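Coordinate analysis (summary)
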Amino acid sequence: SEYYNIRNLLIALLSGLTLIGLLLNRSYSRYRHKLEREATYHKDLLLESTAEAIYGIDPQGCCTFANKSCVRLLGFDSAEQLLGKNMHALIHHSHADGSAYDEQSSHIMRAFRNKTRVYKRDEVFWRRDGSSFPVEYWSHPIFDEQGETIGCVVTFLDISELRDAERQRSRIEK
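Residues numbered from 1 in each chain as written. Predicted model: local features only at pLDDT ≥ 70, side-chain atom pairs only at ≥ 80, totals over all residues. Heavy atoms only, no water.

Regarding a nonpolar patch on the surface
Taken together, Ile-6, Leu-10, Leu-13, Leu-14, Leu-17, Ile-20 and Leu-24 make up a surface patch of nonpolar side chains, about 700 Å² in accessible area. The exposure class of Ile-20 is partly exposed, given its relative accessible area of 48%. (Patch = residues over 30% accessible without salt bridge, like charges linked within 9 Å, V, L, I, M, F, W, Y side chains within 5 Å. Areas by Shrake-Rupley, 256 points an atom, 1.4 Å probe, with all protein chains shown as cover. Salt bridge = Lys/Arg side-chain N within 4 Å of Asp/Glu carboxyl O. Buried < 20%, exposed > 50% of the residue type's maximum accessible area, 1.4 Å probe, protein only.)

Laid out in structure tokens, this is it:
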């Protein structure tokens, strides 16, 4: 009889421990999910609150994300209109004079291929309506855990007003 009492007590204890383990695992899983949602929320807030236009591309040059400033400067209505599109073909296909700009010559893609950061201040991007505007941009490769390049983040500014001011200053100085 004592054997059965001890056995039943051990079974009850193991059942209780199993139940506690399941509850802890479930609580931890919910907590981890909450932390992941909060991190995503804060990342999105950061991207959307910056004045600079930002977009990301994958190894094929296709858009993986774009913030509101990027969408607005390029003349689109939503980021969904950019996602999955080749950004070179969409916004960086031609030089300021209208001549073709080969994707392999693009400094943005060069940053990807050479695993280096690039800064340019003498190129143009093209809007949805076909008009162009001068840009200052930075292209930074994105690396995975093994150090392989998995994309690029491009940050850019419309420098039209700055160029206008430079031209005015140049005219005044002459």
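From this point on, the discussion continues.
Some thoughts on the side chain of Ser-106
Within the secondary structure, Ser-106 is located in the loop between helix 3 (87-91) and helix 4 (107-114). Note on Ser-106: relative accessible area 1%, which makes it buried. Here Ile-108 takes part through its backbone nitrogen, which lies 3.2 Å from a polar atom of the side chain of Ser-106. (Helix = DSSP H or I, 4+ residues; strand = E, 2+ residues; numbered from the N terminus. Polar contact = N/O pair within 3.5 Å; in protein donor to acceptor, adjacent residues only side chain to side chain.)

Examining the pattern of salt bridges
Applying the stated criterion across every chain yields a total of eight salt bridges. Ionic pairing is found between Asp-158 and Arg-127, a salt bridge with its closest N-O pair at 3.7 Å. Placement of Asp-158 in strand 5 (residues 149-158) and of Arg-127 in the loop between strand 3 (118-126) and strand 4 (132-143) is noted, with a sequence separation of 31 residues between them. Residue classification places Asp-158 among the partly exposed positions, given a relative accessible area of 30%. Using a relative accessible area of 23% as the deciding quantity, one classes Arg-127 as partly exposed. Salt-bridge contacts for Glu-166 lead to Arg-163; the nearest nitrogen and oxygen are separated by 3.5 Å. In this pair, Glu-166 and Arg-163 are both assigned in helix 5 (residues 160-173), three residues apart and thus about one turn of the helix distant.

Shape descriptors only; they carry no functional weight alone.
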